[in-house]
Amino acid sequence: MTVITLTILLFALGIGTSLTFVSSHWLLAWMGLEISTLAILPLMAQQHHPRAVEAATKYFLIQATAAAVLLFASTTNAWISGHWDIQQTSHPLPLTLATLALALKIGLAPLHSWQPEVLQGLGLNTGIILATWQKLAPFAILTQIQTPNSLLLIILGITSIFIGGWGGLNQTQLRKVLAYSSIAHLGWMVLVLQYARPLALLALLLYIIVTYATFTLFILQDVTSMKSLFALGAKNPILTTLLPFLLLSLASLPPLTGFLAKLLILKELTKQGLVLTAALAIMGTLLSAFFYVRLSVATALTLAPNTMTATAPWRLPSSRLTMPISLSTVLAIALLPLTPALLALLTY
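No experiment lies behind these values; they were computed from the predicted model shown. (Residues numbered from 1 in each chain as written. Predicted model: local features only at pLDDT ≥ 70, side-chain atom pairs only at ≥ 80, totals over all residues. Heavy atoms only, no water.)

Caption draft 1: Region of the structure containing the environment of L204. Topologically, L204 is positioned in helix α10 (residues 197-221). Considering only alpha carbons, one finds L204 and Q115, 89 residues apart in sequence, at a separation of 18 Å. In contact with L204, not counting residues within four places along its chain, are L136, F139 and M189. (Helix = DSSP H or I, 4+ residues; strand = E, 2+ residues; numbered from the N terminus. Contact = heavy atoms within 4.5 Å.)

Caption draft 2: Representation of α10. With 25 residues, α10 ought to run about 36 Å at 1.5 Å a step, and its terminal C-alpha atoms sit 37 Å apart, in line with that. With respect to burial, α10 is a largely interior element, 19 of its 25 residues being buried. Following α10 by one or two positions, D222 has its phi on the positive side, about 55 degrees. (Expected span 1.5 Å × (residues − 1). Buried < 20%, exposed > 50% of the residue type's maximum accessible area, 1.4 Å probe, protein only.)

Caption draft 3: Representation of the domain arrangement of the chain in the model. The domain architecture assigned to the chain consists of domain 1 (1-107) and domain 2 (147-306 + 320-347). Between domain 1 and domain 2, the C-alpha centre-to-centre distance is 25 Å. Contacts between the two partners involve seven residues from domain 1, matched on the other side by six residues from domain 2. Here domain 1 packs against domain 2, burying approximately 510 Å² in sum over the two surfaces, 82% of which is carbon and sulfur. Area buried by domain 1 at its contact with domain 2 is led by T99, I106 and G107, which between them contribute 55% of it. (Domains from an automatic or database assignment. Buried area = accessible area lost by both parts, 1.4 Å probe.)

Caption draft 4: Representation of the packing of aromatic side chains within the structure. The final tally for this structure, using the stated rule, is two aromatic pairs. Centre to centre, the rings of F291 and Y292 are 4.7 Å apart; their planes meet at 50 degrees, and the pair counts as tilted. Given a relative accessible area of 0%, F291 falls into the buried group. (Phe/Tyr/Trp six-rings, centres within 6.5 Å; stacked < 30°, edge-to-face > 60°.)

Caption draft 5: Here's a closer look at a nonpolar patch on the surface. Nonpolar side chains collect at one region of the surface, where L253, V293, V297 and L301 lie side by side and expose about 330 Å² of accessible area between them. As for its placement among the helices and strands, L253 is situated in the loop between α12 (237-250) and α13 (258-271). L253 sits in the partly exposed class, given a relative accessible area of 32%. (Patch = residues over 30% accessible without salt bridge, like charges linked within 9 Å, V, L, I, M, F, W, Y side chains within 5 Å. Areas by Shrake-Rupley, 256 points an atom, 1.4 Å probe, with all protein chains shown as cover. Salt bridge = Lys/Arg side-chain N within 4 Å of Asp/Glu carboxyl O.)

Caption draft 6: Region of interest: the environment of Q120. Within the secondary structure, Q120 sits in helix α5 (residues 114-120). Put simply, Q120 and Q173 are 53 residues apart on the chain and 7.7 Å apart in space, counted from C-alpha to C-alpha. Filtering out sequence-adjacent residues up to four positions away, Q120 remains in contact with R51, Q173, R175 and K176.

Caption draft 7: Region of interest: the pattern of salt bridges. Here the structure, examined in full by the defined rule, presents four salt bridges. The salt bridge partner of E34 is K105, with a shortest N-O separation of 3.9 Å. You can see E34 sitting in helix α2 (residues 26-44) and its partner K105 sitting in helix α4 (residues 92-106), a full 71 residues away along the chain. Using a relative accessible area of 18% as the deciding quantity, one classes E34 as buried. The buried category is assigned to K105, whose relative accessible area is 4%. Across the salt bridge formed by K271 and E268, the nearest N and O atoms sit 3.4 Å from each other. Here K271 and its partner E268 are both found in helix α13, three residues apart, which amounts to about one turn of the helix. For K271, a relative accessible area of 61% translates into the label exposed.

Caption draft 8: Spotlight on the UniProt feature "transmembrane region" (unreviewed entry) in the chain. Sites flagged by UniProt as "transmembrane region" (unreviewed entry) map to residues 57-80, 151-170, 177-195, 201-220, 241-261, 273-293 and 325-346. Strand forms 0% of residues 57-80 and helix 100%; the C-alpha atoms that close the span are 35 Å apart. For the annotated span residues 273-293, helix accounts for 90% and strand for 0% of the residues, and the straight-line distance between the end C-alpha atoms is 31 Å. (UniProt positions renumbered as here; feature names shortened; annotations may be inferred.)

Caption draft 9: Unusual backbone geometry, seen in detail. Here the bond from A109 into P110 is cis, since omega is 5 degrees, no more than 30 degrees from zero. By the secondary structure assignment, P110 is in the loop between α4 and α5. In this structure, the amide linkage connecting P254 to the following residue, P255, adopts the cis form with an omega of 5 degrees. Note that P255 resides in the loop between α12 and α13.

Caption draft 10: Examining the environment of I325 more closely. By the element assignment, I325 lies in helix α15 (residues 322-334). Sequence separation between I325 and A179 is 146 residues; the distance between their C-alpha atoms is 21 Å. Among all residues touching I325, those that are not within four sequence positions of it are T216, L217 and L220.

Caption draft 11: A look at the side chain of S249. By secondary structure assignment, the location of S249 is in helix α12. For S249, the side chain forms a polar contact with the main-chain oxygen of A332, separated by 2.8 Å. Not counting the four nearest positions on each side in its chain, S249 is found in contact with V210, L256, T257, G258 and A332. (Polar contact = N/O pair within 3.5 Å; in protein donor to acceptor, adjacent residues only side chain to side chain.)

Structural data, given as C-alpha cells:
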C-alpha cells in the first residue's frame, strides 16, 4: 500500500469518527460510522492473506448488520416521535434496538463472537486500530442514548465481564487474548455508563492507553503467540521487564494505572446501591486476572524450552518512533498517583 493511499484511508478514518463525535442527528452519526468502517476495510485486507481477507469479510458483514439495525432504530424513532435527535430517543423499542446495534459494533457480549476471530486474522498494526480507535464512535453514540436505570446495560456489562474473562483462559494467541480483554473492559465501561458518564469515558481513555502500549511492545518485538514470549528476554531485556507491568495493568492490579478505573467504578456502583453487581464484576475480573498473570509469568519467569546454539543477534537501535511507546508505557504503568487530580476533574 502506497503512502498516499494509507494517508487517505487514515484521514477518512479520522473524519468518520469525528463526524460521529459532533453529530446530534441520527443520519449524520450513522454516516460517520459507515465512513470509518469503509476506511478500515482496505487496511484489514492489505496483507492479501486468506486469514486477513476472511477477517475483513467478517468485519464488513457484522458492521453492515449493525448499521442496518441502527438505521432501522433511528427511522423507527423518527416515525414514533417525529424527530431525528439522538438525545431525544426515549421510546423503549428504538432505544433497545440502537443499544443492541451499538453493542454489536463494539463487540459487547453476547454479541462478541466476531471480535476474537477478526482480530486474530489481522496484523498487529491494524489490530491496534480495531481494538482502540474503532471503539470511540459507537461508544460516543452510546453515551448519548443511555437512559437511567437501564437493565439492558447492566446485563450487557456483567455478561461481557464474565465472557471476556472466561474466553481468554485457554488462549495462547496474544491477539485473541487482547480481544477478550477488550470485551471485559468494555463491560466495565457499560456497567457504569448510566450512572457516571465521565467515569465511563475515563475508563475508556485508560483502556486505550494501556492497550496501545501493550500492542506497540508486541509490534516492536513481532510477538503474536504465547510461546514466543519465552525467548523475549534474550532479544530485549528492557522490554521484557516492562511487558509484565503492562499486562498486570490490564489485569487492574494495584498500584498500576488499570486499577484506577476499576476502583472508581466499584466506588460508584456501591454508592448507587448495586453491591451485588459490583461483587459479580469483581468475580468476573478474577478470571481475566488469571490469564494476564499467566502471560506475565511466561514473559518474566520462564525460559525458552530449547537451547539457542546460534549467535545472539545484534541489538541494533530501532528505526520506529520510540517516543509514543515510551510515553504510553509510562502512562499505562504510573498514572495511579494522579487519582486525586482525576477525581477533581470528574467532579468539576
